[in-house]
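Notes for the structure review
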Amino acid sequence: MARTTLVTLDVSPDAAAVAKKAAEHFAATVKQAVAARGMARVAISGGSTPKRMFAVLSQEPFLSDLPWDKLHLYWVDERCVPPSDPESNYGVTKELLLDKVPLPASQVYRMEGELDPHEASSRYEALIRNTFKLEGAETPVFDLVQLGMGDDGHTASLFPHTEGIDELGRIAFANHVPQKNTWRITLSWPVIIAAREVVFLIEGAAKTEVLARVLTGPKDLETLPSQLIRPANGKLLFLLDTAAAAKLPSPHGGTMEWVG
Ligand SMILES: O=C1O[C@H](COP(=O)(O)O)[C@@H](O)[C@H](O)[C@H]1O
């Protein structure tokens, strides 16, 4: 059955402005979760896009203003490399954010990219089960999941035409990505869409075409895994720069109904 998602397109003039918006949205969501439930559980992505946001979050006003002691930080996906590798999503976050803010190390839950990917993903699933105190087949509900999108339409480490697109039962799993000749560790899309708040951060001209195809083109989940992200709460936020938004029906921002 087709579902309608209310999509909010928030378009900023450049990448620096997107980073500021993303940091403000992160902070507001964390504070709201802490007020409601006493803690905030956030899953962040890697790649290049969130780097500027990490730098913004590591400075004032966020440095003093965020309830860092109540934040529990997880990852959406990880590359199969040690944390010291420049490709490590955790490593990048550590350098730009974690080393600069008073977030307790015991509340930072990284994916162990240095291990065998199957073992690492099983350990991550167990860690999520334990920290969320899940029972049976319960799905974890993150307060915020931040996503990026590759210029091939992938999100998290759900790449086009990979087996991970069909993974419904796991919380985290190892996905083989033949086009990159590598494995990745990733949350499954049913876990991502169960979050209370899901946001995509997307910028740059390399993403213009693919973003328009994801939001306005025919449904093709195998080719465009980002189309899997239709949150259970029926709403989805895109923080974009003008380059990425250029081929959308409302390139300056607004709302749209995404039916599929
Ligand atoms: O490989 C990845 O790519 C996406 C997008 O990355 P970007 O460099 O284009 O921002 C990212 O969201 C994902 O977490 C990452 O592992």
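Residues numbered from 1 in each chain as written. Predicted model: local features only at pLDDT ≥ 70, side-chain atom pairs only at ≥ 80, totals over all residues. Heavy atoms only, no water.

Within the fold, V145 resides in strand β6 (residues 144-147). As for V145 and P13, which are separated by 132 residues in sequence, their C-alpha atoms are 23 Å apart. Contact partners of V145, with chain neighbours within four places excluded, come to A43, V76, I192, A195, E197, V198 and V199. (Helix = DSSP H or I, 4+ residues; strand = E, 2+ residues; numbered from the N terminus. Contact = heavy atoms within 4.5 Å.)

A few words now on the side chain of N175. If you trace the backbone, N175 turns up in strand β7 (residues 172-177). Contact partners of N175, with chain neighbours within four places excluded, come to S157, L158, F159, T162, E163, G164, T182, W183, R184 and T186.

This part is about a negative patch on the surface. A cluster of acidic side chains, namely E163, D166, D220 and E222, defines a negative patch on the protein surface. With respect to the helices and strands, E163 occurs in the loop between β6 and β7. Classification of E163 by relative accessible area gives exposed; the value is 71%. (Patch = residues over 30% accessible without salt bridge, like charges linked within 9 Å, V, L, I, M, F, W, Y side chains within 5 Å. Areas by Shrake-Rupley, 256 points an atom, 1.4 Å probe, with all protein chains shown as cover. Salt bridge = Lys/Arg side-chain N within 4 Å of Asp/Glu carboxyl O. Lys, Arg positive; Asp, Glu negative; His and termini not counted. Charge placed at Lys NZ, Arg CZ, Asp CG, Glu CD. Buried < 20%, exposed > 50% of the residue type's maximum accessible area, 1.4 Å probe, protein only.)

This part is about the layout of surface pockets. Its volume calculated, the largest pocket comes out at about 350 Å³. If you trace the largest pocket, you find 22 residues lining it, with G46, G47, R79, G150 and H154 closest to the centre. Classifying every residue of the lining of the largest pocket by side-chain character gives 4 nonpolar, 10 polar and 8 charged. (1 Å grid on protein atoms, 1.4 Å probe; cavity = no way out; pocket = protein on both sides within 12 Å on 5 of 7 lines; lining within 4 Å. Points joined across faces, edges and corners; volume = space filled by probe spheres on them. Nonpolar A, V, L, I, M, F, W, Y, C, P; charged D, E, K, R; others polar.)

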